[in-house]
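Topology and contacts: notes
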Amino acid sequence: MASGRIDWVDYAKGFCIIAVVMMHSTLGVERAAGATGWMTYVVEFCRPFRMPDFFLISGLFLANVIDRDWRTYLDRKVVHFAYFYVLWCAIQFILKSPVYVGEMGVQGTIMAYLETFWQPFGTLWFIYMLPIFFVVAKAARAAKIPWQVVMGLGVVLEIVHAAGASSAASPFPTGSVLIDEFAGRFVYFYVGYIAAPHVFALATWAMSNVRLALSGLLIWGLMNGVVVFAGYSQLPFVSLALGAAGACAVILVSALLSRLNYADFLRFCGQNSIVIYLAFFFPMGVSRAVLLKFAPFLDLGTVAVLVTAAGVVGPIIAFLIVRGTRLDFLFKRPHWACLSEPKHVLQPAE
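Below, the structure is looked at part by part. (Residues numbered from 1 in each chain as written. Predicted model: local features only at pLDDT ≥ 70, side-chain atom pairs only at ≥ 80, totals over all residues. Heavy atoms only, no water.)

Some words on the nonpolar core
Basically, it comes down to this: Working definition of a nonpolar core: buried Ala, Val, Leu, Ile, Met, Phe, Trp, Tyr and Cys residues. They are joined through side-chain atoms within 4.5 Å. Each residue is assigned to one of three classes by its accessible area relative to the maximum for its type, calculated with a 1.4 Å probe on protein chains only: buried under 20%, partly exposed between the two thresholds, exposed over 50%. Strands here mean DSSP runs of E at least two residues long; helices mean DSSP runs of H or I at least four residues long; both are numbered from the N terminus. For this analysis, residues touch if any pair of their heavy atoms sits within 4.5 Å.
With 68 residues, the main nonpolar core has Phe55, Leu62, Trp88, Leu124, Ile127, Phe189 and Phe331 as its most contacted residues. Counting residues per element, this core draws most heavily on helix H4 (residues 70–115), which supplies 12 residues. Every residue in contact with Phe189, bar those within four places of it in the chain, is listed here: Phe55, Leu56, Ser58, Gly59, Leu62, Leu130, Phe133, Phe134 and Ala137.

What to know about the packing of helix H2 (residues 39–46) against helix H9 (residues 210–229)
In a pair of packed helices, the angle between the axes and the distance between the axes together describe the arrangement. Quick reminder of the rule: To define axes, lines are fitted to C-alpha atoms, for helices over the stretch in contact only, and angles between the resulting N-to-C directions are given on a 0 to 180 degree scale. In this scheme, roughly parallel covers angles under 35 degrees and roughly antiparallel covers those over 145, while 65 to 115 is roughly perpendicular and the rest are oblique. Charged means Asp, Glu, Lys or Arg here, nonpolar means Ala, Val, Leu, Ile, Met, Phe, Trp, Tyr, Cys or Pro, and polar covers whatever is left, Gly included.
Following both chains from N to C, one finds H2 and H9 inclined at 105°, their axes separated by 9 Å at the closest point. Classed by the angle they form, the pair H2 and H9 counts as roughly perpendicular. On the side of H2, the interface is formed by Tyr41, Glu44 and Phe45, while H9 contributes Trp220, Gly221, Asn224, Gly225, Val228 and Phe229. Looking at the contact of H2 with H9 residue by residue, the class counts come to five nonpolar, three polar and one charged.

A short note on unusual backbone geometry
Glycine aside, residues mostly have negative phi, and peptide bonds are mostly found in the trans state. Of note in this structure, Lys144 is not a glycine but carries a positive phi near 60°. With respect to the element layout, Lys144 can be found in the loop between helix H5 (125–142) and helix H6 (147–163). Overall, the relative accessible area of 72% leaves Lys144 in the exposed class. Phi at Phe237 takes a positive value of approximately 70°, unusual for a residue other than glycine. By secondary structure assignment, the location of Phe237 is in the loop between H9 and helix H10 (238–257). Taking the relative accessible area as the measure of exposure, Phe237 reaches 58% and is therefore exposed.

A closer look at the packing of aromatic side chains
So the rule is basically this: Pairs were defined over the aromatic rings of Phe, Tyr and Trp, the Trp ring being its six-membered one, requiring ring centres within 6.5 Å. Orientation was assigned from the angle between planes: stacked under 30 degrees, edge-to-face over 60, tilted for the rest. Only when the NZ of Lys or the CZ of Arg is both within 6 Å of the ring centre and within 35 degrees of the ring normal is a charge said to sit over the ring.
Under the defined criterion, the tally for this structure stands at 34 aromatic pairs. Judged by centre distance (6.3 Å) and plane angle (15°), the ring pair of Phe81 and Phe134 falls under stacked. Pair noted here: Phe81 is in helix H4 and Phe134 is in helix H5, with a separation of 53 residues, a long-range link. The same class applies to Phe81 as to Phe134, namely buried. Above the face of the Trp70 ring, Lys138 is positioned so that its terminal group lies 5.0 Å from the ring centre.

What follows is the structure, given as structure tokens:
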């Protein structure tokens, strides 16, 4: 434990947020350069479990709050994320407005911004979906729907969603980020909620059985790599199995890392994952443009690593600079945006 937090959970969140930044950074560099680098293989390896694990971790502590009254629950699990989503959508549109206006005109830019209220915008779609998952989970519990039924529906949706890439009979993708991502991701969030005791037991086991945990990770890594690079990772049933196995692997890695003292930066990233998630787009974009223009001697893989580092460190620096100032509202929800008595700390995306 560190300051009342569970260390391995913060490590897992740190791993997830860095993986997300890495994906966007690598794809952005390769798209801008018109070529691929060695980091694309790392991104592909992580693809099956990157977001499943993020959503599973987000559901881990739901059992602690799901029975709260609706007002308090909506404040912490809906209004909290809605505030940051609306704020940072506006910030991104303002910063990118010269490009958008040049491409779509003023009216088109305004309409594109309004569309973000029902079509999750760019990198912010994760915090758009989380409140929906929280509400669905609580509504299902309030309606006394057996968890086995909800879980089963989540599994079916994920399988049908995965079939969308290989079967014309599948209704997915629909073109709606909300619908498509709900179908593909809700089951992992709900598993985090329902199976939380087993997840914590797995982490505890790993910390007591290091050799067995490392052996399991080696076997998983080989299997995940073979399936991914053979081109089968996004097939129905396979994607679900890889997502679940990868989430377990991240839990094992995080539990083992929590025994070490030199991985504190990863834990710090996990503690501030929402800060990184909200603001990484700016240092990522700036560093990408600078490196591609002024460091042509670097290979694209190295550029992607440096851009990823900028995307992770930049938001943390910004957070530390604005903390306690009038710009604190960028990362801490103000009193007027609360339905209930606010907690004057940044609520992590759990």
